[in-house]
Amino acid sequence: MIRLRPMRARDVGESHRTATNLELFFDLCFVVAVSFAGSQLHHALSEGHVAQGVLGYLTTFFAIWWAWMNYTWFSSAYDNDDWLFRLTTLVQISGVLVLAAGVPRAFQDHDFRVVYAGYLIMRLAMAAHWLRAASADRPGRRTAVRYAVGICVAQAGWILLLVAPGEWYLAAFALGVVLELSVPVWAEHGSPTAWHPHHIAERYGLFTIIMMGENVLAATVAVQAEARGVGLGPELIVLALGALVIAFAMWWLYFDSPTAEILDSSRRAILWGYGHYAIFAAVGAFSAGVEVNIDHISGTAHLPSTGVALAVSVPVAVFLFMVWALHVRPHRYGVADDVAFLGAALLVLLSALTPAPIPLTAVVLVALVAVTGVTRPRD
């Protein structure tokens, strides 16, 4: 067994810092929970329960994303890979699986008790990480204690979500979000943690890749199921090819700009990290939108054609806008790239008003990849 080591801050300039096997396992288990949320979004949209589905997806996804993000930044600063760190991380993984089990009930009945139980397991394990860092890392003790206290206070705040009447549900959720988002801002003020920019960029990139892979898998399974039922007709082939091209283009656009060099301050890094909620949620919602379109082909979707098209167009447009805001704009490549990304996001939204939204979206994204590849200055 790996011996117990003091949990002290790691060197921010450490060379060859890469994601560990435990971090990769952590990501994979969290994506399982994301797929549960995406599946519930798909069913809600297909049944015509748009508001309920979107609200349920965004709230449950926040819990998954926030727990993942907190662990990612902590491990970048303090991962010592001893047996206690591994065990505490595995407790967090157990928590997300409990949360995933409660996702259907949260979507359908606004019953968040199981989701809260899983979230509480993850967050208390995170607080234990921080208390351990506080005991060993004297220079970072104040920050670590602030994190531990803030996490526990936020968990008490989430109890309001369980007891609030239906009409106060959104207000209680908003309060919980504000509490959670405020903790890193307060804790990092004056004494930031020693996170590693290249490691953070790699961790976010790997999670994006795993989520995109889950998208491709979910869409492929849905296409196979539909093909077995009604045959592989032209409409289904066009949809499958268009969705695949869109997924390829999303991957290309996300990774086309270097990330580590723009994470040059805690303030910028926090905004960048928070902004990925929209990117990750959009990536997760994309596959749900593809599945809704497959339901439309089979005649089982209870949505008008425009709503079916928006199920893909909105996530892709959000993804484009946020990649521009977080990855492209900070590099100041020039007006051409800005216009290309914002124009592409608008065209993707407008494609929902056309008879062929997915093929047109695919064409827009391929054009964006080509245009930015030509106009962007390279070293």
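Residues numbered from 1 in each chain as written. Predicted model: local features only at pLDDT ≥ 70, side-chain atom pairs only at ≥ 80, totals over all residues. Heavy atoms only, no water.

## Comments concerning helix 10 (residues 305-328)
Phase 1: Over its 24 residues, helix 10 extends 33 Å from the first C-alpha to the last, a length consistent with the 34 Å expected when each residue adds 1.5 Å.
Phase 2: Ala311 marks where helix 10 bends most, by close to 30 degrees; the proline Pro315 follows one to four residues later. (Helix = DSSP H or I, 4+ residues; strand = E, 2+ residues; numbered from the N terminus. Expected span 1.5 Å × (residues − 1). Bend = angle between axes of the 7 residues up to and from the residue.)

## Let's talk about the pattern of salt bridges
Phase 1: This model, assessed by the stated rule, comprises 9 salt bridges.
Phase 2: In this structure, the salt-bridge partner of Arg10 is Glu14, at a minimum N-O distance of 2.8 Å.
Phase 3: By relative accessible area, which is 24% here, Arg10 ends up partly exposed.
Phase 4: Judged by relative accessible area, which is 27%, Glu14 ranks as partly exposed. (Salt bridge = Lys/Arg side-chain N within 4 Å of Asp/Glu carboxyl O. Buried < 20%, exposed > 50% of the residue type's maximum accessible area, 1.4 Å probe, protein only.)

## Section: the packing of helix 10 against helix 11 (residues 335-350)
When two helices pack together, their arrangement is captured by the angle between the axes and the distance separating the axes.
Phase 1: Two elements in contact, helix 10 and helix 11, have axes separated by 8 Å at closest approach and are oriented at 165 degrees. Our classification of the angle between helix 10 and helix 11 gives roughly antiparallel. For the crossing formed where helix 10 meets helix 11, the hand is left-handed. Where helix 10 approaches helix 11, its residues Ser313, Val314, Val316, Ala317, Leu320, Phe321, Val323, Trp324 and Val328 are matched on the opposing element by Asp337, Asp338, Phe341, Leu342, Ala344, Ala345, Val348 and Leu349.
Phase 2: When grouped by side-chain class, the residues that make up the contact of helix 10 with helix 11 number 14 nonpolar, 1 polar and 2 charged. (Axes fitted to C-alpha atoms, helices over the stretch in contact; angles between N-to-C directions. Parallel < 35°, antiparallel > 145°, perpendicular 65-115°, else oblique. Left-handed = near helix turned anticlockwise from the far one by under 90°. Contact = heavy atoms within 4.5 Å. Nonpolar A, V, L, I, M, F, W, Y, C, P; charged D, E, K, R; others polar.)

## Some remarks on helix 9 (residues 266-298)
Phase 1: For helix 9, spanning 33 residues, the distance from its first C-alpha to its last is 49 Å, which sits close to the expected 48 Å at 1.5 Å a residue.
Phase 2: Counting buried positions along helix 9 yields 25 of 33 residues, so the element is predominantly enclosed.
Phase 3: Downstream of helix 9 by a residue or two, Gly299 has a phi angle that is positive, lying close to 85 degrees.

## Things to note about the side chain of Glu23
Phase 1: Checked against the element boundaries, Glu23 lands in helix 1 (residues 21-46).
Phase 2: One polar contact links Glu23 to Arg203, side chain to side chain, over a distance of 3.4 Å.
Phase 3: Ignoring anything within four residues of it in the chain, the contact list for Glu23 reads Thr18, Tyr71, Ser75, Asp79, His199 and Arg203. (Polar contact = N/O pair within 3.5 Å; in protein donor to acceptor, adjacent residues only side chain to side chain.)

## Here we look at the packing of aromatic side chains
Phase 1: What the rule picks out here adds up to 31 aromatic pairs.
Phase 2: Taking the centre distance of 6.4 Å and the plane angle of 50 degrees together, the rings of Phe62 and Trp158 count as tilted. Taken together, the positions of Phe62 in helix 2 (residues 50-78) and Trp158 in helix 5 (residues 141-163) put the pair 96 residues apart, joining distant regions of the chain.
Phase 3: On the basis of relative accessible area, Phe62 is assigned to the buried category, the value being 5%.
Phase 4: The structure contains a cluster of three or more aromatic residues connected by ring pairs, namely Tyr57, Phe61, Phe62, Trp65, Trp66, Tyr119, Trp158, Phe173, Tyr274 and Tyr277. (Phe/Tyr/Trp six-rings, centres within 6.5 Å; stacked < 30°, edge-to-face > 60°.)

## Quick word on unusual backbone geometry
If a residue is not glycine, its phi is most likely negative; likewise, a peptide bond is most likely trans.
Phase 1: The phi angle at Asp81 is positive, at roughly 55 degrees, despite the residue not being glycine.
Phase 2: In this fold, Asp81 is placed in the loop between helix 2 and helix 3 (83-109).
Phase 3: Despite not being glycine, Arg332 has its phi angle at roughly 50 degrees, a positive value.
Phase 4: With respect to the secondary-structure elements, Arg332 resides in the loop between helix 10 and helix 11.
Phase 5: Exposure remark for Arg332: the relative accessible area of 70% places this residue in the exposed category.

## Notes on the side chain of Thr72
Phase 1: Note on placement: Thr72 falls in helix 2.
Phase 2: At 2.8 Å, the side chain of Thr72 and the backbone oxygen of Trp68 are in polar contact.

## Some thoughts on the environment of Ser15
Phase 1: As for its placement among the helices and strands, Ser15 is situated in the segment before helix 1.
Phase 2: Separated by 159 residues in the primary sequence, Ser15 and Ala174 have C-alpha atoms spaced 40 Å apart.

## Observations regarding the confidence of the model for the chain
Predicted coordinates in areas of low pLDDT are best not read in detail.
Phase 1: On average, residues of the chain score 90 in pLDDT, and 97% of them reach the 70 mark or higher.
Phase 2: Across the chain, element-level confidence peaks in helix 10 with a mean pLDDT of 96 and bottoms out in helix 7 (residues 197-230) with 84. (pLDDT = per-residue confidence, 0-100.)

## Things to note about the environment of Ala356
Phase 1: Position of Ala356 relative to the elements: it lies in the loop between helix 11 and helix 12 (357-375).
Phase 2: Residue Ala356 is classed as partly exposed on the basis of its relative accessible area of 30%.
Phase 3: As a C-alpha pair, Ala356 and Ala309 span 47 residues in sequence and 8.6 Å in three-dimensional space.

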